[in-house]
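Chain and residue survey
Chain by chain, the residues:
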Amino acid sequence: MTRRAASADTRETDDGSRAVRRLAPHARRFLARRSGVLVRLALWSLAETGQAFLVGYGVARAVDQGFLAGDTRRGLLWLTVALVAVLLGAPVIRGVFAQLAGLTEPLRDGLVRHAVDRSLGPAAAGGPGGTDRAAVSRLTNQVEIARDSFAGLVLTLRSFVFTAAGALLGLLSLHPSLLVVVLPPLSLGLGLFLVTLRPMAAAQRRALAADEALGDHAARSRAALRDLTACGTGPAAARRGAELIEGAAAAARVLAGWAAVRTAALGVAGHLPVLALLLAAPWLRARGVTAGALLGAFTYLVQSLLPALHTLMTALGAAGSRLLVVLDRIIGPEGPEPRPERTRAAEPERAGGPGSVRAPAATRPEPALAAAPRPAPGAGGGAVTARATAAIPGPGDDAPDLGGRPADRARTAAVELRSVTLSYGVRAEPVLDSLDLCVAPGEHLAVVGPSGIGKSTLTRLVAGTLAPSGGEVRVDGREVTGRPPAELAALRVLVPQEAYVFSGTLSDNLTYLRPGASRADLDAAVDALGLWPLVERLGGLDAPVRPAELSHGERQLVALTRAWVSPAPLLLLDEATCHLDPAAEARAEEALARRPGTLLVVAHRLSSAVRADRVLVLDGTDAVCGTHDEVLDRSPLYRDLTGHWQGGPARRR
């Protein structure tokens, strides 16, 4: 178990005392820097004490000195005093809220800064960035919970203290015996409530932890939906999600149980004092307590003391425990993230150095997609090497002569990556790390691996639309980084998953990359890719095309046919057949493979990998390249993928 996991387990089972000790120094410093706000808040609250005192005292004097004494005018005057005290509560509350902002907003700003620093700290220190999914919850939901809970707690605690002071002072002024009757049940209910604070805090902490775990699982599953579907691990992820949901429900039930105990404590504190006062009325009358004093005591209980106590217990039970738990999760200690082991596969020596591919741990798939272990030295694991190269026909008359290094074209690699590294940030974990790759002219290469591992990044690097952080990318012997778009278009065609079709004729779409293509070339392309049904449905090659009226598969067929017509010697398909049925995909890939030139395909189905001359497997720690059978022997990840694609364990042929 890592220190982080141990720390999390400790916090989940903590009853709240450790959290209080951890947070107490922060709380003292925060409040000490805002002593002026606290003084002004206390001054406004003193007016609430006077209000609570006058309400009950005015009722008692109105009865004893007014109505029972036959002086209606004096009775009404005392009732007016009580009414004015009630009406003065509005400006008092307004003043309290004006001062409250001086406490809650600095708290929120400080928590946001702390959450951001805590999330970005590992990345700034050189660790992997973007792996703290709980940071989103801390920055949004939990910070707002802390702010609202703190505001409610300050309001209710302040109100209870100053209201209770006024009410108890009023009871004492009416008759000391009233305190003897009221205080015991009041203290009993309050004590029972305080006993539930620690277990309630622990239950709240477990509920929050369960909520974070469920949210983290949902985020991981959403990011890996394609892998879960392709690899058949959806049921396992669903079972894990069901377990987390059940855990969250169990935590909620425990929390509800303690809430029931707290409700019982609230009933004891809220109703027993009134009942005790009613039962003790004869005894109180015998000790000289007047009818007005009894009525004033009931007024203190019903109008001031018990509502303030009810609000306090509700706030402490809900807002207080939430505040304690959330603050501890935001600013409490957290064990260090375990740093991922960086492994490099042994491989045969070749010009350009070793090759490996790495991905952040956050993008790693479920156990069914575990990364391949490091192969033994000399086994060729992780090697991304070229087979014997072959000559490639020229790109055609439409391709300008771009020049290049003086080398025999028959020996020039169609695609060559030399120690290519790509990371999306100075301190971010590389997506590709020191990758060496050589693809021969005329070769058909399939790239496979889980989502987020770097397949699309690889195609963008080869296409020249993304510059590497380090290393060199060459197509047909020419470095692609920094080349003008016109020169890149003559070297390669990139067909993404979302096919681009524009308004115009079908012929305009197909000849976009080769305006001088003849009708015979278009007919050959349409026949090779199986586009005739769409051509006939639209009314011919010169018929207008409305992209919104085409299905995703039809758009992909148009884009693939356009790529076939292109004079570029290199075709890059980034899951460009994902919307085609298997038969249409096979026909399209076979047609593009027969086309003069080189084909690099990000595979969407196993059949794409089987059709290729070689397969490149990116698994996050190593890159394994070879024929389908060779990669089956050397890559456990590829065997897993093959087994899931075929609905059973992969067999080595």
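Here's what I pulled together on the structure shown here. (Residues numbered from 1 in each chain as written. Predicted model: local features only at pLDDT ≥ 70, side-chain atom pairs only at ≥ 80, totals over all residues. Heavy atoms only, no water.)

Let's shift gears to the overall build of the chain. On a plain count of helices and strands, the chain comes out with 22 helices and 12 strands. Considering the chain as a whole, with its 653 residues, one finds that 48% of them fall into the buried category. By element, 60% of the accessible surface of the chain is carried by carbon and sulfur atoms, the whole surface being about 29700 Å². (Helix = DSSP H or I, 4+ residues; strand = E, 2+ residues; numbered from the N terminus. Buried < 20%, exposed > 50% of the residue type's maximum accessible area, 1.4 Å probe, protein only. Areas by Shrake-Rupley, 256 points an atom, 1.4 Å probe, with all protein chains shown as cover.)

So, about the sheet that holds strand E2 (residues 432-439). Pairing in this open sheet of four strands is antiparallel, and the strands run E2-E1-E4-E5 from one edge to the other. Each having just a single partner strand, E2 and strand E5 (478-479) make up the two edges of the open sheet. Note that strand E4 (residues 470-475) and E5 share two bridges and pair antiparallel. Residue pairing for E5: Val475 is matched across the bridge by Arg478. Lying over the sheet, helix H13 (residues 455-463) contacts strand E1 (415-422), E2 and E4, oriented at roughly 120 degrees with respect to E1. (Pairing = 2+ DSSP bridges. Contact = heavy atoms within 4.5 Å. Axes fitted to C-alpha atoms, helices over the stretch in contact; angles between N-to-C directions.)

Our focus in this paragraph is the nonpolar core. Among the nonpolar cores identified, the biggest contains 34 residues, and Val495, Leu510, Leu531, Leu560 and Leu573 are the most heavily contacted of them. Of all the secondary-structure elements, those providing two or more residues to this core are strand E6 (492-495), helix H15 (506-510), helix H16 (519-529), helix H17 (532-538), helix H18 (552-565), strand E9 (570-574), helix H19 (582-594) and strand E10 (598-602). No other element matches the six residues that H18 contributes to this core. Sequence-distant contacts of Leu531, defined by excluding residues within four places in its chain, comprise Leu510, Val526, Leu557, Val558 and Thr561. Formed by 32 residues, the second largest nonpolar core is a distinct cluster that contains Leu171, Leu178, Phe193 and Leu312. (Core = buried A, V, L, I, M, F, W, Y, C linked by side-chain atoms within 4.5 Å.)

Moving on: the packing of helix H8 (residues 197-223) against helix H10 (residues 234-279). One way to put it is that H8 packs onto H10 with a least axis distance of 9 Å and a crossing angle of 160 degrees. Between H8 and H10, the angle is such that the two are roughly antiparallel. The hand of the H8/H10 crossing is left-handed. Its residues assigned to classes, the contact of H8 with H10 shows 17 nonpolar, five polar and three charged. (Parallel < 35°, antiparallel > 145°, perpendicular 65-115°, else oblique. Left-handed = near helix turned anticlockwise from the far one by under 90°. Nonpolar A, V, L, I, M, F, W, Y, C, P; charged D, E, K, R; others polar.)

Let's shift gears to the packing of aromatic side chains. This structure, assessed with the given rule, holds five aromatic pairs. Centroid distance Tyr500 to Phe502: 6.0 Å. Interplanar angle 40 degrees. Geometry classified as tilted. Taking relative accessible area as the criterion, Tyr500 reaches 54% and is therefore assigned exposed. By relative accessible area, which is 17% here, Phe502 ends up buried. (Phe/Tyr/Trp six-rings, centres within 6.5 Å; stacked < 30°, edge-to-face > 60°.)

With that settled, the discussion passes to H16. For an α-helix, 3.6 residues make a turn, and residues three or four places apart therefore share a direction. Considered for burial, the residues of H16 that qualify are Leu522, Ala525, Val526, Ala528 and Leu529. One face of H16 carries all of its buried residues, which in axial projection span an arc of 165 degrees. Looking at the buried side of H16, the elements it contacts are H15, H17, H18 and H19. (Arc of directions from axis to C-beta.)

Here the focus is the sheet that holds strand E3 (residues 444-448). Ordered in space as E6-E9-E10-E3-E11-E12, the six strands form an open sheet in which the pairing is mixed. The open sheet has two free edges, formed respectively by E6 and strand E12 (623-626), since each of these has just one partner strand. Between one strand and the next, the sheet's axes are offset by a mean angle of 15 degrees, whatever the strand orientation. Across four bridges, the pairing between E3 and strand E11 (residues 614-618) is parallel. When the bridges of E11 are listed, Val448 appears paired with Val617.

Moving on to a nonpolar patch on the surface. Taken together, the side chains of Leu188, Leu272, Leu275 and Leu279 present a nonpolar region at the surface, about 390 Å² in accessible area. The leading source of residues in the nonpolar patch is H10, at three residues. When you line up the elements, Leu272 lands in helix H10. (Patch = residues over 30% accessible without salt bridge, like charges linked within 9 Å, V, L, I, M, F, W, Y side chains within 5 Å. Salt bridge = Lys/Arg side-chain N within 4 Å of Asp/Glu carboxyl O.)

Moving on to the pairing of E12. Here E12 shows two buried faces, one formed by Ala623 and Cys625 and the other by Val624 and Gly626. Examined bridge by bridge, E11 and E12 share four bridges and lie antiparallel to one another. Bridge pairing in E12 places Leu616 opposite Cys625.

Structurally, Thr290 is set in the loop between helix H11 (281-286) and helix H12 (291-331). The class for Thr290 is partly exposed, based on a relative accessible area of 33%. With 227 residues separating them along the chain, Thr290 and Val63 place their C-alpha atoms 9.3 Å apart.

Inspection of the entire model under this criterion finds 16 salt bridges. Among the salt bridges present, the one from Asp476 reaches Arg478, with a minimum N-O distance of 2.8 Å. Residue Asp476 is classed as buried on the basis of its relative accessible area, which comes to 12%. On the basis of relative accessibility, which here comes to 8%, the residue Arg478 falls in the buried class. Among the salt bridges present, the one from Arg605 reaches Glu585, with a minimum N-O distance of 3.2 Å.

Close contact between helix H3 (residues 35-67) and helix H4 (residues 72-87) brings their axes to 8 Å; oriented N to C, the two are set at 170 degrees. Between H3 and H4, the angle falls in the class roughly antiparallel. Here Gln51, Leu54, Val55, Tyr57, Gly58, Val59, Arg61, Ala62, Gln65, Gly66 and Phe67 of H3 come into contact with H4, specifically with Thr72, Arg74, Gly75, Leu76, Trp78, Leu79, Val81, Ala82, Ala85 and Val86.

Before going further, it helps to spend a moment on the side chain of Glu416. With respect to the element layout, Glu416 can be found in strand E1. Its relative accessible area of 14% is what places Glu416 among the buried residues. Here Arg418 takes part through its side chain, which lies 3.2 Å from a polar atom of the side chain of Glu416. (Polar contact = N/O pair within 3.5 Å; in protein donor to acceptor, adjacent residues only side chain to side chain.)

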